[in-house]
Amino acid sequence: MNPDSKDSLNKSKTARGIFFTLAGGTMWGFSGTCGQYLFTYKNLDSAWVTVTRMICAGIILLVLAFIKQRKEMKEIMQDKRDRRQLFIFSIFGLMFCQYSYMTAISHSNAGTATVLQYLGPVLIMIVSCFMAKKLPSGREVFAIILAVAGTFLLATHGNIHSLVISNLGLAWGLLSAVALMSYTMLPEKIIGRWGSTVVTGYGMLIGGIFLFFATRYWTVRVTFDLGTVLGLAAIVLIGTALSFTLYLQGVSDIGSVKASMLACIEPVSATVISALWLGTDFTVMDFAGLAAIITTVLLLTQRKRRG
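These figures come from a predicted structure and were not determined experimentally. (Residues numbered from 1 in each chain as written. Predicted model: local features only at pLDDT ≥ 70, side-chain atom pairs only at ≥ 80, totals over all residues. Heavy atoms only, no water.)

K.L.:
Can you tell me about empty space enclosed by the protein, naming the residues and giving the values?
P.N.:
The full count for this structure, using the stated rule, is one cavity of 30 Å³ or more. If you add up the space inside the largest cavity, you get close to 50 Å³. For the largest cavity, the full set of lining residues is Gly111, Thr112, Val115, Leu154, Thr271, Phe282, Asp286, Phe287 and Leu290. In terms of residue class, the lining of the largest cavity is made up of five nonpolar, three polar and one charged. (1 Å grid on protein atoms, 1.4 Å probe; cavity = no way out; pocket = protein on both sides within 12 Å on 5 of 7 lines; lining within 4 Å. Points joined across faces, edges and corners; volume = space filled by probe spheres on them. Nonpolar A, V, L, I, M, F, W, Y, C, P; charged D, E, K, R; others polar.)

Right, here's the structure in full:
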């Protein structure tokens, strides 16, 4: 292959990776807004939606894994230590992350819940520093200050004496950040060994089944109409299976660091779609908080790249 053809191929691969990563992040934001629609206009329960999403998406991802990674699907269940780690990740990582995020949306809105969840990388950095027994760098301290400032603006709009979102909305949003930390840190070793599609597919299915029985899913009454079916289909197919597939291809094309930076489009898309579609009101303070938290993530990602 001549140098010009190779250079053209690399540029095409990079462009594809950027497009797929942005598309995946936008779809994640869209799925959060679909959740807000189901909670606001269809009165669905967040646990019921989470169970439906996880089980359906888990089946889809495992079907995809079965086509290309049949051996890995079998062997991860035969390895006692990795199987135990998979179950821990499924419940305390993936299920906790999905449920807390959806519940945060039900008590606030998709944009605010998504931005609060993006505090997760700050918690990851703090825990990593603690485990390494080292103090955070100046850049990391600045990132923490930005994250606290962004959360303060989102929760109070600058007025220390009152909250502009409900106590439950703020609490579940912060819990979703903790859950994102667990979701990110727990499966690192098993994803390296067995692949993200296998681990996430099993995690979705196992976590969904656990929550199915924990919340007595079958006792919840749901009225199915066209809006409900389309909303659920969008969350499962577009916001989970398709977005996950596109994002992984983006990571493969441009690398995890660039992909994670571009994935910051998620809270932006959730905020914009929520405002345009559902008429959610956002103020200058909300956008300032959003900017502060996204800047925090970008700072930490750049730090990771240099490391």
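K.L.:
With reference to specific residues and values, describe the pattern of salt bridges.
P.N.:
Going through the model one piece at a time under the given rule, you end up with five salt bridges. Lysine 42 serves as the salt-bridge partner of aspartate 225, at 2.9 Å between the closest nitrogen and oxygen. Pair noted here: aspartate 225 is in the loop between helix H10 (196-214) and helix H11 (226-254) and lysine 42 is in the loop between helix H1 (3-41) and helix H2 (46-68), with a separation of 183 residues, a long-range link. Residue class for aspartate 225 comes out partly exposed when judged on its relative accessible area of 32%. According to the relative accessible area criterion, lysine 42 is partly exposed, its value standing at 24%. Ionic pairing is found between glutamate 140 and lysine 134, a salt bridge with its closest N-O pair at 4.0 Å. Judged by relative accessible area, glutamate 140 falls into the buried class, the value being 6%. Lysine 134 sits in the partly exposed class, given a relative accessible area of 42%. (Salt bridge = Lys/Arg side-chain N within 4 Å of Asp/Glu carboxyl O. Helix = DSSP H or I, 4+ residues; strand = E, 2+ residues; numbered from the N terminus. Buried < 20%, exposed > 50% of the residue type's maximum accessible area, 1.4 Å probe, protein only.)

K.L.:
Please provide a residue-by-residue account of the packing of aromatic side chains, values included.
P.N.:
Following the criterion strictly, the structure yields 14 aromatic pairs and no others. Pairing phenylalanine 19 with phenylalanine 20 gives two aromatic rings, centres 5.9 Å apart and planes at 50°, and the pair type is tilted. The class of phenylalanine 19 is exposed, set by a relative accessible area of 56%. Plain terms: the ring middles of phenylalanine 212 and tryptophan 218 are 5.5 Å apart, the flat faces sit at 45° to each other, and that makes the pair tilted. The structure contains a cluster of three or more aromatic residues connected by ring pairs, namely Trp48, Phe212, Phe213, Tyr217, Trp218 and Phe224. In this structure, arginine 70 is placed above the aromatic ring of phenylalanine 66, and the distance from its NZ or CZ to the ring centre is 4.1 Å. (Phe/Tyr/Trp six-rings, centres within 6.5 Å; stacked < 30°, edge-to-face > 60°. Lys NZ or Arg CZ within 6 Å of the ring centre and 35° of its normal.)

Function cannot be inferred from these measures alone, as they are strictly geometric.
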